Amino acid sequence: MKLYRLLTEEDTSAFCHKVSEALSKGWELYGSPTYAWDQAAGVMRCGQAVTKDVDADYTPDMKLGAQ
């Protein structure tokens, strides 16, 4: 089964660390990153979709970050 996550974070090194951590755990980049203004917080935000193949059945209560 293939899992999907959308990683988001403010435009700081924290975003790069979040994506790097996911890659180190076997997640793969999916598509291009995104960049948008968060009006409510007054900051730029980055986003990157990632996917991962796992040997498990999907359930809505699955903790994706723990996979």
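Scroll up for the structure.
Residue indices follow the written sequence of each chain, beginning from 1 at its first position. Only residues with pLDDT of at least 70 are given local features in this predicted model, and only at 80 or more are side-chain atom pairs given and counted; all residues enter the totals for whole chains, interfaces and linings. Hydrogen atoms and water are omitted, and side-chain values are computed over all heavy atoms in the structure.

Only DSSP runs of H or I with at least four residues qualify as helices, and only runs of E with at least two residues qualify as strands; both kinds are numbered from the N terminus onward. Each helix and strand counted, the protein has one helix and three strands in total. The linear arrangement of helices and strands in the protein, starting from the amino end, is β-α-β-β. With the C-alpha coordinates of the protein rotated into their principal frame, the extents come out at 40 × 25 × 20 Å. Each residue is assigned to one of three classes by its accessible area relative to the maximum for its type, calculated with a 1.4 Å probe on protein chains only: buried under 20%, partly exposed between the two thresholds, exposed over 50%. Relative to its 67 residues, the protein shows a buried fraction of 27%. If you sum the accessible surface of the protein, you get close to 4700 Å²; carbon and sulfur atoms cover 53% of it. Counted as positive: Lys and Arg. Counted as negative: Asp and Glu. His and the chain ends are not counted at all. Here the site of a charge means atom NZ of a Lys, CZ of an Arg, CG of an Asp or CD of a Glu. Computed over 7 positive and 10 negative side-chain charges, the separation of the two mean positions in the protein equals 2 Å. Using the Shrake-Rupley algorithm and a 1.4 Å probe, accessible areas are obtained, with residue cover drawn only from the displayed protein chains.

Quick look at the side chain of K52 now. Of note, K52 is situated in strand β3 (residues 43-53). Although K52 is buried, it forms no salt bridge, and the closest oppositely charged side chain is E28 at an N-O distance of 9.8 Å. Polar contacts, as counted here, are pairs of nitrogen or oxygen atoms within 3.5 Å of one another; within protein the pair requires one atom able to donate a hydrogen and one able to accept it, and residues that are adjacent in sequence qualify only if both atoms are side-chain atoms. Within the structure, K52 has its side chain in polar contact with the backbone oxygen of K25 (distance 2.7 Å). Residue contacts are defined here by distance: any two heavy atoms, one from each residue, within 4.5 Å place the two residues in contact. Setting aside chain neighbours within four positions, we find K52 in contact with M1, K2, L3, K25, G26, W27 and Q67. Salt bridges are defined by distance alone: a side-chain nitrogen of Lys or Arg within 4 Å of a carboxyl oxygen of Asp or Glu.

Across the 11 residues that make up β3, a large majority, eight, are buried. When DSSP finds two or more bridges between a pair of strands, those strands are recorded as paired. Inspection of the sheet shows strand β2 (residues 28-38) paired to β3 by eight bridges, in the antiparallel sense. Along β3, the bridge assignment pairs Y35 with C46. Linkage of β2 to β3, two consecutive antiparallel strands, is achieved through a turn of four residues, within which G42 is found at a positive phi near 70 degrees.

Structurally, T51 can be placed in strand β3. You can call T51 buried: its relative accessible area is 8%. Filtering out sequence-adjacent residues up to four positions away, T51 remains in contact with K2, L3, Y4, G26, W27, E28 and Y30.

Once that is clear, we can look at the environment of M44. Note on placement: M44 falls in strand β3. A relative accessible area of 27% places M44 in the partly exposed class. Spatially, the C-alpha atoms of M44 and P33 are 13 Å apart, while their sequence positions differ by 11 residues. Apart from the residues lying within four places of it in its own chain, the contact partners of M44 are E9, E10, D11, Y35, A36 and W37.

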